[in-house]
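Structure assessment
Here's the letter readout for the chains.
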Number of protein chains: 2
Amino acid sequence: MSARRSAGPTLKDVAAIAGVSYRTVSNVISGKAPVSAATRARVEAAVAELDYRPQLAARQLRVGRSNLLTLSVPFLSLPYFAQLAHAVVTAAEAVGYDVVVDETHGDPERELRAASGYRTLLSDGILLSAMSIGDEELMAARGRTPLVVLGERIRAARVDRVVVDSVTSTRDATAHLITAGRRTLGFLGTVPDASSGAAAADLRLEGFRTALRAAGLEADPRHLLEVSPWDQRSPDGDYSREEGHARVRALLAGPGGLAGLDGLVCANDLLAIGALRALREAGVDVPGRVAVVGWDDAPESAYTVPPLTSIAPDLGELARLAVASVLRLVDDPESPPRVEQAPYRLVPRASAPLIP
Amino acid sequence: MSARRSAGPTLKDVAAIAGVSYRTVSNVISGKAPVSAATRARVEAAVAELDYRPQLAARQLRVGRSNLLTLSVPFLSLPYFAQLAHAVVTAAEAVGYDVVVDETHGDPERELRAASGYRTLLSDGILLSAMSIGDEELMAARGRTPLVVLGERIRAARVDRVVVDSVTSTRDATAHLITAGRRTLGFLGTVPDASSGAAAADLRLEGFRTALRAAGLEADPRHLLEVSPWDQRSPDGDYSREEGHARVRALLAGPGGLAGLDGLVCANDLLAIGALRALREAGVDVPGRVAVVGWDDAPESAYTVPPLTSIAPDLGELARLAVASVLRLVDDPESPPRVEQAPYRLVPRASAPLIP
DNA sequence: GACCCGGGTTTCAACGTTGAAATCACGGGA
DNA sequence: TCCCGTGATTTCAACGTTGAAACCCGGGTC
């Protein structure tokens, strides 16, 4: 026997029981038109009896809205994106929207498909956290669905974006180390090829350099630690704890060892957590000998040994701005693109105390 | 000026350009009916020219499927649920489904709403990870939408479930400590009120006790550490690092102190991570004096100090089983409910070595 | 040469909802 | 008494797609 379509009562079924036209039932449910108290009561009873639920597909077909947003991120399993997803779901819910989560695994093809709205045809808007694709590709691939880009990888002026300023935030983090008296600073997380790598990392490196310049310092090239190129098969990408661990261990094992390094700025918290482990394994005191700062303020960063000083982006605000932006585009597709900034703050912890 | 509906070309638009009936365009796209090579080419050209995308709402209305599943979890920001969401999205994608993520915050009302399918009317099935509601409530609230429950909180026979065996897994973890020579064991994560608390925690406690009994041991009641009741406002629930930290600190500060405790089984990794911090702060050597095991194998657990021994549920398999179950229900709503088990394994790390 | 077959294509209707406009009931004002 | 207005309700059509069935046409078959 073939599986029948799951029936489900319709407006007409409810109407039949309540003894009214199905349009009246619709009126009761939507509240758009006035309905007498008596009929309203009858209709509501019938709705309850049948456990009627409006069929969103039909409604969407009629009104052209699905009240669904798509959030596209590389990996939901990374703390940053998990937090982001949490924030976006919360922000969307506050305005009556649900969120479809799409994972791109950092695959350029999947990111393009996400930008085009391919798998998500029924969503009213797309929030895309890009990791592999560039401006031109994005602009070429985007479809009619309103799109807001999260993060600084994309810099095209013609698309809406919500960002946290990587340059100034990392500058602040670096300045924090300098204020604490650190003079020989390193950066963990440079990327081999600027075009294929994560742009945010470049910007953070730029912020690092800006702070050094402002203090009249310069970084030893040996202290700019490059991470491995992106690997599709790795579930964690190249900004992982493993990568941080491996890079710092390599530095320690290298000819110069630490070579006087007394402060390490990491492109994100996971790298920093890996770095902490490598330093600990080598018996290097943190923060005594080397101070460490991260970027993300992952929940676990308050529980590392020592607790990690980090840049905490305001993801709640980021999500609210992003949702507001995309809904603005839904209302008015002609609305000119904007770039909005979400705030951040430096969270000082023991890995980089102000008094050394 | 009112915002116009975002137009978007339809089958008819494509048909007009290609010079065929719109039904033929549909045939080309669905591939259900044979189409000559010539017309296929013309249609495909027209599709490309207009950048046509089928309107899923209309398709869904017609065929009664949305190819959308809803995953409902308490908090996406907790590592376990983030990993779970990742696994579910991946498993769903493999069979052509997208996933809508719903966060309940552990709110019973929201869990019931999720079970009923209220906010997710257009999804073909629901995967619910319940935290607050019980069997009867769930059975009363569930609607027509196929539902699969994840986890052991719900024990009703009349609903499909996919679980990881909490009792035997925690028994294994406890036995691991006993094998390593630990004799005075404690459990972190008992819940004050069995009915309102997390059932998984009860089962894990049961597994803990089973292992003790099998070894002829008994737990000192002082070593059964109860966590605070669930608090809606806390973003992390009662199974948090903070809670683990606070409870173990309280034990250490109490009259008996550790009182000989040499092994601690934790209901999840976050509690264990908090416990590790409290022990470290008090100068208690782990694993020298106290061995610690967790449950979850959160990614960060490999990077704690010392690295945490943990039970690793196979979430990939869990997700695949869950998706398969719910799709089976979609195909055949009458299909009798099943309970399926996902495997787990013990991941030994330094916090609980076999040789003390 | 009439008939059938089947690939290719089209016509028709329906999925469940809502905007727009028509209809109805009723009471108050002229 | 008649008309109007307003609140309440209904009729009508349409959103874009697909299942079912009809249609068309050229090539065998007898």
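An unreviewed UniProt entry lists chain A under the name LacI family transcriptional regulator, from Agromyces soli.

Next up on the list: the interface of chain B and chain A. Contacts between the two partners involve 57 residues from chain B and, on the opposite side, 57 residues from chain A. Interface area for chain B against chain A, summed over the two sides, is near 5200 Å², with a carbon-plus-sulfur share of 56%. Inspection of the chain B/chain A interface yields 2 salt bridges. E93 of chain A serves as the salt-bridge partner of R110 of chain B, at 2.3 Å between the closest nitrogen and oxygen. Across the contact surface, chain B and chain A share 14 residue pairs in polar contact (both at pLDDT 80 or more). Those elements giving two or more residues to the side of chain B that touches chain A turn out to be α4 (56-63), α5 (79-94), β2 (98-103), α6 (108-116), α10 (241-253) and α11 (269-281) of chain B. Top contributing element to the side of chain B that touches chain A by residue count: α5 of chain B, with 7 residues.

Per the UniProt record, the feature "domain: HTH lacI-type" (unreviewed entry) sits at residues 9-63 of chain A. In the segment residues 9-63 of chain A, helix accounts for 71% and strand for 0%; the C-alpha atoms at its two ends are 21 Å apart.

To go from the first copy of the chain to the second, apply a rotation about an axis and then a shift along the same axis. The two copies are related by a screw motion: chain B maps onto chain A through a turn of 180° and a shift of 0.0 Å along the axis, at an RMSD of 0.1 Å. Here the symmetry operator amounts to a two-fold rotation axis. Every residue of chain B has its C-alpha some distance from the rotation axis, and the shortest such distance is that of V100 of chain B, at 2.0 Å.

Our next topic: α11 of chain B. Residues separated by three or four positions in an α-helix point in the same direction, a consequence of the helix having 3.6 residues per turn. Residue and element names in this part refer to chain B. Compared with the 18 Å implied by 1.5 Å per residue over 13 residues, the 18 Å span of α11 between its first and last C-alpha is a close match. For α11, the tally of buried residues reaches 11 of 13 residues, placing the bulk of the element in the interior. Buried residues of α11: D269, L270, L271, A272, I273, G274, A275, L276, R277, A278 and L279, and no others. Buried residues in α11 make contact with α5, β6 (185-190), α10, β8 (263-266), β9 (291-295) and β10 (309-313). N-cap assignment for α11: the residue whose side-chain oxygen lies 3.4 Å from the backbone N of L270 is N268. Once α11 finishes, G283 follows within two positions and takes phi at roughly 75°, a positive value.

For the rest of this paragraph, the subject is unusual backbone geometry. Cis geometry marks the peptide bond from V286 of chain B to P287 of chain B, where omega comes out at 10°. A cis geometry characterises the amide bond from V305 of chain B onward to P306 of chain B, with omega recorded as -10°. Residue placement: P306 of chain B occurs in the loop between β9 and β10. Its identity as a non-glycine residue notwithstanding, A259 of chain A has a phi of 50°, on the positive side. A positive phi angle, near 55°, is found at D297 of chain A, a position not held by glycine. Within the secondary structure, D297 of chain A is located in the loop between β9 (291-295) and β10 (309-313).

In this section: the protein's contact with DNA strand D. For DNA strand D, the set of nearby residues contains 24 residues, the closest of which are T24 of chain A together with L11, S26, Y52 and R62 of chain B. At the protein interface, 58% of the atoms of DNA strand D within 4 Å belong to sugar or phosphate. Take T24 of chain A: an N or O atom from its side chain is 2.3 Å from a phosphate oxygen of DNA strand D. In this structure, a phosphate oxygen belonging to DNA strand D sits 3.0 Å away from a side-chain N or O atom of T39 of chain A. Every element with two or more residues in the surface near DNA strand D is listed here: α2 (22-30) and α4 (56-63) of chain A together with α2 (22-30) and α4 of chain B.

Residues and elements named next belong to chain A. All buried positions along α2 are accounted for by V25, N27 and V28. End-on, the buried residues of α2 take up no more than an arc of 155°, which puts them together on one face. Packing partners of the buried residues in α2 comprise α1 (11-18) and α3 (37-50). The first or second residue beyond α2 is G31, which carries a positive phi of 75°.

All names here are of chain B. What the rule picks out here adds up to 24 salt bridges over all chains. One salt bridge connects D51 with R53, and the closest N-O pair in it is separated by 3.1 Å. When its relative accessible area of 18% is taken as the criterion, R53 is described as buried. The salt bridge involving R65 is made with D331; its shortest N-O contact spans 3.5 Å. With R65 in the loop between α4 and β1 (68-73) and D331 in helix α12 (residues 315-331), this pair connects stretches of sequence that are 266 residues apart. For R65, a relative accessible area of 34% gives the class partly exposed.

Our next topic: the packing of helix α8 (residues 166-179) of chain B against helix α9 (residues 199-214) of chain B. Residue and element names in this part refer to chain B. Here α8 crosses α9 at 40°, and the two axes come no closer than 7 Å. Taken together, the axis directions place α8 and α9 in an arrangement best described as oblique. Where α8 crosses over α9, the handedness of that crossing is right-handed. Side by side, α8 and α9 meet where S166, V167, T170, R171, T174, A175 and I178 of the first sit next to A200, L203, R204, E206, G207, F208, T210, A211 and L212 of the second. A per-class count over the contact of α8 with α9 returns 8 nonpolar, 5 polar and 3 charged.

Procedures and definitions
Residues numbered from 1 in each chain as written. Chains lettered and ligands numbered in written order. Predicted model: local features only at pLDDT ≥ 70, side-chain atom pairs only at ≥ 80, totals over all residues. Heavy atoms only, no water. Contact = heavy atoms within 4.5 Å. Buried area = accessible area lost by both parts, 1.4 Å probe. Salt bridge = Lys/Arg side-chain N within 4 Å of Asp/Glu carboxyl O. Polar contact = N/O pair within 3.5 Å; in protein donor to acceptor, adjacent residues only side chain to side chain. Helix = DSSP H or I, 4+ residues; strand = E, 2+ residues; numbered from the N terminus. UniProt positions renumbered as here; feature names shortened; annotations may be inferred. Least-squares fit on C-alpha atoms with pLDDT ≥ 70 in both. Expected span 1.5 Å × (residues − 1). Buried < 20%, exposed > 50% of the residue type's maximum accessible area, 1.4 Å probe, protein only. Near = heavy atom within 4 Å. Arc of directions from axis to C-beta. Axes fitted to C-alpha atoms, helices over the stretch in contact; angles between N-to-C directions. Parallel < 35°, antiparallel > 145°, perpendicular 65-115°, else oblique. Left-handed = near helix turned anticlockwise from the far one by under 90°. Nonpolar A, V, L, I, M, F, W, Y, C, P; charged D, E, K, R; others polar.

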